Amino acid sequence: MPVDETVNPVEPFLRSDRMPHIWCPGCGIGTTVNCFARALIESKIDLQSLALVSGIGCTGRVAGYVKLDSFHTTHGRAIPFATGLKLANPKLNVVVYSGDGDLAAIGGNHLIHAARRNIDLKVICVNNLIYAMTGGQTAPTTPGHATTSTNPYGTFEPAFNLPHLVEAAGAVYIARWTTFHVRQLARSMSEAFSKKGFSFIEVISPCPTLYQRRNKMGDGLDTMKYYKEKSKTRHGAPTNEVGLTLNGEIVVGKFVDRDRPDYEAMMRGQYVEALGDRYVECGEMVCS
Amino acid sequence: MPVDETVNPVEPFLRSDRMPHIWCPGCGIGTTVNCFARALIESKIDLQSLALVSGIGCTGRVAGYVKLDSFHTTHGRAIPFATGLKLANPKLNVVVYSGDGDLAAIGGNHLIHAARRNIDLKVICVNNLIYAMTGGQTAPTTPGHATTSTNPYGTFEPAFNLPHLVEAAGAVYIARWTTFHVRQLARSMSEAFSKKGFSFIEVISPCPTLYQRRNKMGDGLDTMKYYKEKSKTRHGAPTNEVGLTLNGEIVVGKFVDRDRPDYEAMMRGQYVEALGDRYVECGEMVCS
Amino acid sequence: MLIIITFSSGRLPFLKGDPVAKGTVHIVVERCKACGFCVEFCPTHVLALSSAFNSKGYHPPHVIHPENCSGCDLCGMYCPDFAIYSKKVNTGGGK
Amino acid sequence: MLIIITFSSGRLPFLKGDPVAKGTVHIVVERCKACGFCVEFCPTHVLALSSAFNSKGYHPPHVIHPENCSGCDLCGMYCPDFAIYSKKVNTGGGK
Amino acid sequence: MQLSEIRIAGFGGQGVILSAIVLGKAASIYQGAFATMTQNFGPEARGGACSAQLVLSDSPVLYPYVTRPDILVVISQEAYNKFGPELKDGGTLIVEQDLVRVSHIKEGIKVFSIPATRFAEELGKRMVLNSVMVGFFTAITHLLTPEAVRDAVADSVPANFRELNLKAFEKGLEYGNGVLINSPELRGFEAAAVVEE
Amino acid sequence: MQLSEIRIAGFGGQGVILSAIVLGKAASIYQGAFATMTQNFGPEARGGACSAQLVLSDSPVLYPYVTRPDILVVISQEAYNKFGPELKDGGTLIVEQDLVRVSHIKEGIKVFSIPATRFAEELGKRMVLNSVMVGFFTAITHLLTPEAVRDAVADSVPANFRELNLKAFEKGLEYGNGVLINSPELRGFEAAAVVEE
Amino acid sequence: MKADPRGVLTGVHFIDGDHACCEGALAAGARFAAGYPITPSTEVVERFASRVPTVGGTFIQMEDELAASIALQGAVWGGAKAFTVTSGPGFSLMMEHIGYAAMTETPCVFVNVQRGGPSTGLPTLPAQADMMQARWGSHGDYEVIALCPNSPQECFDLTIKAFNLAEEFRVPVMFMMDEVVGHMTEKVVIPAADEIEVVPRKHTHKSTKEYLPYQTNGNPVPEMAHAGEGYNFHVTGLTHDERGYPNMTPQTQDKLVRRLQSKVRAATDRIAMFEEEHLGDAEVAVVSYGITSRVAQRAVDLARQRGVKVGKLRLITAWPFPENKIKEVASRVKALVVPELNLGQMVREVERAAGGQAKTFAVSHAGGGVHDPQEILRVIEEANQCR
Amino acid sequence: MKADPRGVLTGVHFIDGDHACCEGALAAGARFAAGYPITPSTEVVERFASRVPTVGGTFIQMEDELAASIALQGAVWGGAKAFTVTSGPGFSLMMEHIGYAAMTETPCVFVNVQRGGPSTGLPTLPAQADMMQARWGSHGDYEVIALCPNSPQECFDLTIKAFNLAEEFRVPVMFMMDEVVGHMTEKVVIPAADEIEVVPRKHTHKSTKEYLPYQTNGNPVPEMAHAGEGYNFHVTGLTHDERGYPNMTPQTQDKLVRRLQSKVRAATDRIAMFEEEHLGDAEVAVVSYGITSRVAQRAVDLARQRGVKVGKLRLITAWPFPENKIKEVASRVKALVVPELNLGQMVREVERAAGGQAKTFAVSHAGGGVHDPQEILRVIEEANQCR
Ligand SMILES: Cc1ncc(C[n+]2csc(CCOP(=O)(O)OP(=O)(O)O)c2C)c(N)n1
Ligand SMILES: Cc1ncc(C[n+]2csc(CCOP(=O)(O)OP(=O)(O)O)c2C)c(N)n1
Ligand code: SF4
Ligand code: SF4
Ligand code: SF4
Ligand code: SF4
């Protein structure tokens, strides 16, 4: 898709006929989409080969707004859908774009297994610390003491430290930014595009409507200022040190960037070793 | 249950009317049950308060053989069942006893979430590196290059390092032994009984019928000798260094023993703080 | 395309030493939800929320210091509603 | 109870210096599946697989060196079929 | 009370739903009638338009939805634009005077307006806007007794804001009664009089 | 070929299923008849008893299970104990001589036995036990032509063991033919002659 | 047994069906809920989360519906009355565990606030298209009870009933609300605790020695024990005998599964609740349930005004299907009109039960709203023309 | 289109139904399978895992059935023909994604080798008790096709048919085997590739500009595109319009869901496959499917020998239910006898379709084995006495 210089650089990537989108004023999801678009431009990725898969949630709606082959799947199952898509058509670049609840609550098993297998997926996890689409329930990322509709007296469960979890599961590229860090986020995204294997980018994002408001943390703008103030960039920080708290520091940066053969490479290697010439690569399976 | 000195110490814990069990000659599962019985005796736990929950699999059959309140649930769901059981009746000591496939494949999400929440469960994971009950398919623990019925040309997916995964998720007690390490295993089990919070004990165990045989590793006894030879005790080993390979060293020991309030303590704390006297503890909910 | 683009051009330097606009800002008024991100994070304070309403009842930004625009497009990257962006001023005959 | 217990008692010291059995081994022959764990891991080599069959066709262990048994019950902890165990010899009249 | 279909619409945060709850409660709990309240949900509605439907009746309400309201209360322009056309012929339109500009209206519609936001601000909290509207509604429509609605207001707001909301209610009620006195035919102004644009 | 119900039973690892496959294949692929083979699965069966059911017929097989076999082939004592009583009156029992001790048998059953394990060991691989049994079965039952079964054996075993299995088959066939010659009434020995214990 | 007053919010309320359902559960003695958020059902557990810490119980939001639907069963065996709440997609994920509850005879309640489907469909809009799923959604043969409230008041009343039936029959009870009923606010009267009848757990009185978990002794519903009481019982989803031990033979299967079916089926007429009106002289009967029964009522009234001899039969119990009642009505009328917010589900049962005695007319609706009463009226009139 | 010879193992084989199913899938062009092991179905994917690397395709064992049942749909949109294989408990876990496939019109095949249920039940023994679940197990209204093979040969033949129907109608097809058929070994003839007819993907011929993913243009089955071809299409499980965009109105819902239903229903008579025998003069008809049809056949033969005028109707297609055929048969006989390995599932449909024209007799069986033909015979004779 040639980028028209006279329009918003994100515009060619949008289904403009679906604007305005449903996201609330001050919601950070749209900002992440800008970064995504910039990363696509920057990384010069072939857009025709690009597919985007979302689960269900406010973030899950990204699939419906981007002008790409895009799949709005079921809650929690973006990763296994993407796995099938990628393996059936290895030439595709497959991005998974979804919320923290979708990816780490109901979808947690797929997250760790895809990371383990090192499937070549780029996972963008917009973490607004809450289940937004359904009205503000506790997510596995909700920090302790935050108030939610299902923890009206304050959340008491510990939250996942997602970078740590996906590192333990096997991801090869892990970064975290907030929606304040637009340039860094775009850069991380394009780094992930050029990396083979399971990449995970967490974006801390405001949900003024349901998280900040209920926790008296102001609106989207207040949240962005808060991110600016509380974030600390620590590239290569040990992931067990980057857990989030209700009001504490937000460690951001690129935490992990390591090399491990991806699933397809391992598969090919094993089959070639065992079957030699008899192995037929699956690139050609596409039925007509 | 008073232990009769004249019989096999494990006998009082068994449903003797169901013997002989279905496990194959040389299968390690029965050995782990011995250790479990010894740990129960040693830790002087109140047996009436003890409930055991299994998923589905060869190991899952443990629930049917122990003379305790015991639940053979659905595949992968022992942990959430146990969670409900424990929370509804906090006086119970709840043990989850199941296989690696059950706990870490289909049940992986519950494993990490229960660890995150630090639910007071003692999880005993018999890891035979394979799906045994269904006939020898690849498990998420199957080491690379091992042959299975679904990877007839050798497994190429990386395996989970379970201690590492559950540590990242939040478990407070993590140990690994093999069925060769009967005394150490029993000791770890009794340590876990006396610890509040989510404990995870991995037991590497032979499945001569489906894993060893297919991989030409001999029978159960050969495997036990192999364990003896290849195991290296490293208490406190960083869990990211204890991954298993097809023929390599098996690091065993107690890896993690840390303190974190368990789910019920956190719940109580938060409610007492928010509701004061209005909070009614749930110990009394049992309906008549 | 249904979108309406308000074009706020840079101007030529008037006095020597006057800042030179290196970029132009474009605002799609009807998409704006007045979150204020662009106004806050514009490094050269080009924007302010206007007092006018768009049809959804929001106050979109308007350009108060066109000469300061560097064309960095940070406003565009921040805007969650795809309602603003900027372009570097093109010395050639862009388009 | 359906189980049959083969009782293999220790003996009194015969000569001075003769090892004294500190334990007795019990074998439930019908449960045994002849894995050999008990034989292999008995620290004092008390056991061997016998050549007899049980009704399932397995060769259960038998005691070849009763005098060596320490009553450590390692055999019992290893046996995956709950077919063997040992007790320390009881100086009192324990039933 | 004959079956009356009412829609209350505005922006999220204006207390639209609460208004409907107060009126429904007044009818069904404090006045022995029947009330069914429903609201429009949907992700699209988030932060934007917000609307409640209320059916009041002497006998149990069957059909829960409002398709052609007898009474339409609107507190935002968007709500007016969206729901205005639904109003039943000869129905009653109640608007917040400063937030809604009435236009393109069918003949025969009775229109009543109140500067409720201003009143609420005068009382010290914009938040009580909805109680002002509820009072005004009570006065204009005569569907419910002021006593019942007053009790319902008291019962529906947090204790620390009870006083203020009751004041706001009285303000709206009073203003409504005044409008009616000045317009003895029980009509606000004739819709036809509104300038089209 | 009349409908014949056959059960083959033994221990896991003795090639029970493969025997049934070979016979089924011989019938259905190499002899133009019909064959249906089923096996008993179940966790309980693991490593222990193993049994296959084979129904052979000239017309398509409908009911797939064997309840009262016409022919029972047993290669382990446990299998004999378990399935012996099912055998149809007047049916044929084929046993591995060294592994099965025949007892408590109904009158009229025809019993044939072969030291198949010994033959297999003589051929150098215990594994070919099942091909010996298949050969013996072929000779004794006359249900299938030796040619068909021979082809089926060749087609069912790994290439590197084909030769050996064919030898084993011939051994069993030959021994079976010998038994029949020595027992011209086409019977092994009368069941009644077996000592009960 | 009377309700525990701690859970009963006695008084007159103006609340929606979701909230009323929560109050019904509390009044029925539910002290454990495991949930996973999903529109339009989440309000039930949100209220429970806010109410239960002061009542003595637990709410836990699990990581998914699989977990929620089994955690609640753990809680039941721990001694609690427990339930979960969901909508379409979540309900689909609970199917395996509905089967587990049926097989292990775990008394519990599954609330499904039906929204438009299939798949993600219409998350915020109503449907009644999970009715067959409620009965047939899990593998194998089993039986459930399903109730359909049509107002917030019934969401309260019938939730209590749902728990009571669950306890009486030791079955999972499906509480089949719909988005309209769930989100509709009306007056709800909650009586005093001592006016609320609650069925206690069928707990065994036997000693730990005598007790056999699945022994029936004449009554097809066995007695329960709870973990921690010394019974050392075993529970499994495998086919099991009276001891609760796996016993995988066709004989045990036959005995077990037929009992699971018949303990409910045989009680159909006792479980069946319905509401009827004008059936005396009716030539056409409108059979409906849930919110549709209120829309249909309007159509019936309109038709009566026009002189059509039409009556109304509202199913409050959808499963076990009240065959006999339908058969009886079918024998008296010439046509049955069945409006539903689906493309024809319960109408199939009606048609089957009618067995050709009366003609059956479906008034289907794909969901997302309720019927226009005129549409039902039209079919009533068409039905009235027949034969 | 003819089959791709690479996938076709032409020849005569003596294999079981599970293996034959795998060969059918390969012959039909399936080049992707996502599975999760479960008895008695695992052999299908085990064979696929061993065969497919030399054919050019992929098998992946996923972490659970949820993952397997959606991964295969990802593969379909990536351009592959794909399937998954499971049994009862796993099938229950796939329900949400069967609905997703129906809603997004993803052509694919779900193989269910039925075992005894409910719950874990009888893992190694047969049943036919997931028949209603296959049709109704997911929430909301949707339609599927379900086929029931009764021999290994049919496991091969009908698997191809299943893929073909999936492609033709863009629906998930349920391939309803049972443990007996799955584990039964018989002769299977696999023809040459050029004798196997395979329905290709309904790929659009439109340009990227013209293409609207859910536009129907007269044919109710829209054309597909694959990811990576430049169509930039959107797929969602939400109610969507012709562009594939979410559009959550009752109008869009009505149009979409009614089309999903009718594209299959309207083709019922074309899809319906059955086998009949002796129906000409029959007074009693035995309606059966799957393995039971073979057992029933024996009963029919026995009854005929005894002079009972009984005929046989075997359903090969269970869903969409061949109503018209049943109606027609019911109008000619006095009774319908329906043996199934369940406590009465398809018999309900038979009874409904019969509409009182003929009496319906269920011959139920709780599973774990097949019927004793004598039992079916007994009911045939009982049915023959009626009226
Ligand atoms: C199976 C299933 N369960 C529950 C839901 C309801 N649901 C929709 S979105 C969502 C959570 C969304 O949270 P998150 O992924 O964090 O995304 P956000 O809305 O915060 O961007 C839930 C629970 C569903 N659609 N499907
Ligand atoms: C939902 C569901 N899927 C699949 C199965 C089949 N199944 C039974 S046990 C098992 C795996 C067992 O492996 P593991 O947990 O490692 O236990 P093991 O048998 O090795 O002890 C599987 C896949 C099932 N019972 N239920
Ligand atoms: S609810 Fe929260 S996450 Fe969803 S659109 Fe609004 S601000 Fe964004
Ligand atoms: S199959 Fe393996 S794990 Fe199962 S009982 Fe046998 S040896 Fe043990
Ligand atoms: S008790 Fe110890 S010493 Fe005695 S036989 Fe057993 S292992 Fe050997
Ligand atoms: S360990 Fe047990 S089963 Fe193994 S040989 Fe010894 S007694 Fe037998």
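These notes cover the structure that comes with them. (Residues numbered from 1 in each chain as written. Chains lettered and ligands numbered in written order. Predicted model: local features only at pLDDT ≥ 70, side-chain atom pairs only at ≥ 80, totals over all residues. Heavy atoms only, no water.)

### Notes on the interface of chain D and chain B
At the junction of the two partners, chain D supplies 24 residues and chain B supplies 33 residues. Between chain D and chain B lies a buried interface of about 2500 Å² when both sides are counted; carbon and sulfur atoms form 63% of it. The tally of links between chain D and chain B comes to three salt bridges. As a salt-bridge pair, E11 of chain B and R31 of chain D come within 2.7 Å of each other at their nearest N and O atoms. Of all the secondary structure elements, the ones that give two or more residues to the side of chain D that touches chain B are helix 1 (37-41), helix 2 (74-78) and strand 5 (84-88) of chain D. Take the side of chain D that touches chain B: its biggest share by element is four residues, from helix 2 of chain D. (Contact = heavy atoms within 4.5 Å. Buried area = accessible area lost by both parts, 1.4 Å probe. Salt bridge = Lys/Arg side-chain N within 4 Å of Asp/Glu carboxyl O. Helix = DSSP H or I, 4+ residues; strand = E, 2+ residues; numbered from the N terminus.)

### Section: helix 2 (residues 42-51) of chain H
Most of helix 2 of chain H sits out of view: nine of its 10 residues are buried. What helix 2 of chain H keeps buried is the set T42, E43, V44, V45, E46, R47, F48, A49 and R51 of chain H. (Buried < 20%, exposed > 50% of the residue type's maximum accessible area, 1.4 Å probe, protein only.)

### Thoughts on helix 7 (residues 152-169) of chain H
All names here are of chain H. Compared with an ideal rise of 1.5 Å per residue, which puts 18 residues at 26 Å, helix 7 spans 25 Å between its outermost C-alpha atoms and is within 8% of the ideal. With 14 of 18 residues buried, helix 7 is to be regarded as a mostly interior element. Count one or two residues on from helix 7 and you reach R170, which has phi positive near 50°. (Expected span 1.5 Å × (residues − 1).)

### What about the sheet that holds strand 15 (residues 335-339) of chain H?
Sheets are built from strands that pair by backbone hydrogen bonding, the pairs being arranged parallel or antiparallel. All names here are of chain H. Strand order in the open sheet formed by five strands is 11-13-12-15-16, with mixed pairing between adjacent strands. Here the strands that pair on one side only, and so sit at the sheet edges, are strand 11 (274-277) and strand 16 (359-363). Adjacent strand axes in the sheet meet at a mean angle of 20°, parallel and antiparallel pairs treated alike. Bridge count between strand 12 (residues 284-288) and strand 13 (residues 310-315): five bridges; the pairing is parallel. What sits directly across from V284, in strand 13, is V310. Across the sheet, helix 13 (residues 346-354) is in contact with strand 12, strand 15 and strand 16; its angle to strand 16 comes to roughly 175°. (Pairing = 2+ DSSP bridges. Axes fitted to C-alpha atoms, helices over the stretch in contact; angles between N-to-C directions.)

### Focus on the pairing of strand 3 (residues 49-57) of chain F
Residues and elements named next belong to chain F. Burial analysis of strand 3 places eight of its nine residues in the buried class, the great majority of the element. Here strand 1 (residues 4-11) runs beside strand 3; their pairing, made up of eight bridges, is antiparallel. Bridge pairing in strand 3 links I6 to L54.

### Side note on the packing of helix 12 (residues 323-330) of chain H against helix 13 of chain H
All names here are of chain H. Contact pair helix 12 / helix 13: the axes reach a minimum separation of 8 Å and the direction vectors enclose 65°. Every pair of crossing elements has a handedness; the one defined by helix 12 and helix 13 is right-handed. The residues of helix 13 that touch helix 12, namely those facing E323, I326, K327 and A330, are V350, R352, A353 and A354. Residues belonging to the contact of helix 12 with helix 13 are distributed by class as follows: five nonpolar, no polar and three charged. (Left-handed = near helix turned anticlockwise from the far one by under 90°. Nonpolar A, V, L, I, M, F, W, Y, C, P; charged D, E, K, R; others polar.)

### Section: the arrangement of the chains
Highest in contacts among the 16 pairs of chains that touch are chains G and H. Looking at chain B next to chain E, you find no contact at all, with the nearest C-alpha pair sitting 18 Å apart. You won't find any contact between chain D and chain G; their C-alpha atoms come no closer than 16 Å.

### Description of the interface of chain G and chain H
Each side of the interface is counted separately: chain G has 60 residues, and chain H has 60 residues. For the pair chain G and chain H, the two sides together bury roughly 5000 Å², of which 57% comes from carbon and sulfur. For chain G, the biggest contributors to the area lost against chain H are H139, L343 and R348 of chain G; these three give 16% of the whole. Counting across the chain G and chain H interface gives four salt bridges. Residues R348 of chain G and E349 of chain H are paired through a salt bridge, measuring 2.8 Å at the closest nitrogen-oxygen approach. Counting every contact that joins chain G to chain H gives 33 residue pairs in polar contact (both at pLDDT 80 or more). (Polar contact = N/O pair within 3.5 Å; in protein donor to acceptor, adjacent residues only side chain to side chain.)

### Notes on the relation of the copies chain G and chain H
Note on the copies: chain G fits chain H at an RMSD of 0.0 Å, the axial shift is 0.0 Å, and the rotation between them is 180°. Between the two chains, the operation in question is that of a two-fold axis. Interface overlap between copies: 98% of the residues of chain G at the interface are likewise at the interface in chain H, consistent with a symmetric, same-surface contact. (Least-squares fit on C-alpha atoms with pLDDT ≥ 70 in both.)

### Structural notes on the environment of R176 of chain A
Residue and element names in this part refer to chain A. Here R176 lies in strand 7 (residues 173-178). Looking at R176, the relative accessible area reads 1%, which means it is buried. Sequence separation between R176 and F81 is 95 residues; the distance between their C-alpha atoms is 24 Å. Apart from residues lying up to four places away in sequence, R176 is in contact with N161, P163, E202, I204, V242, L244, I250, V251, V252, G253 and F255. A polar atom in the side chain of R176 sits 2.8 Å from the backbone oxygen of V242.

### Some details on the pattern of salt bridges
Summed over all chains, the structure comprises 114 salt bridges over all chains. When the shortest N-O distance is used, the salt bridge between E191 of chain B and K254 of chain B registers 3.0 Å. Here E191 of chain B, found in helix 7 (residues 182-193), pairs with K254 of chain B, found in strand 10 (residues 250-257); they are 63 residues apart in sequence, far enough to count as distant. On the basis of relative accessible area, E191 of chain B is assigned to the partly exposed category, the value being 29%. In this structure K254 of chain B comes out as partly exposed when scored by relative accessible area, which is 24%. Across the salt bridge formed by R126 of chain E and E121 of chain E, the nearest N and O atoms sit 3.5 Å from each other. With a relative accessible area of 44%, E121 of chain E lands in the partly exposed category.

### Let's talk about the packing of aromatic side chains
All names here are of chain G. One pass over the full model with this rule turns up 46 aromatic pairs over all chains. When the ring of W77 is compared with that of F233, the centres are 5.5 Å apart and the planes differ by 40°; the resulting orientation is tilted. You can see W77 sitting in helix 3 (residues 65-77) and its partner F233 sitting in the loop between strand 9 (185-190) and strand 10 (234-236), a full 156 residues away along the chain. The two residues W77 and F233 agree in class, both being buried. (Phe/Tyr/Trp six-rings, centres within 6.5 Å; stacked < 30°, edge-to-face > 60°.)

### Observations concerning the sheet that holds strand 12 (residues 284-288) of chain G
Residues and elements named next belong to chain G. Ordered by their spatial adjacency, five strands build an open sheet running 11-13-12-15-16, and the pairing between neighbours is mixed. The outermost strands of the open sheet, each flanked by one partner alone, are strand 11 (274-277) and strand 16 (359-363). Strand-to-strand twist of the sheet, defined as the mean angle between neighbouring strand axes without regard to direction, takes the value 20°. Both strand 11 and strand 13 (residues 310-315) contribute to a ladder of four bridges, which runs antiparallel. What sits directly across from E277, in strand 13, is K312. Most of the contacts of helix 13 (residues 346-354) go to strand 16, to which it runs at about 175°, and overall it touches strand 12, strand 15 (335-339) and strand 16.

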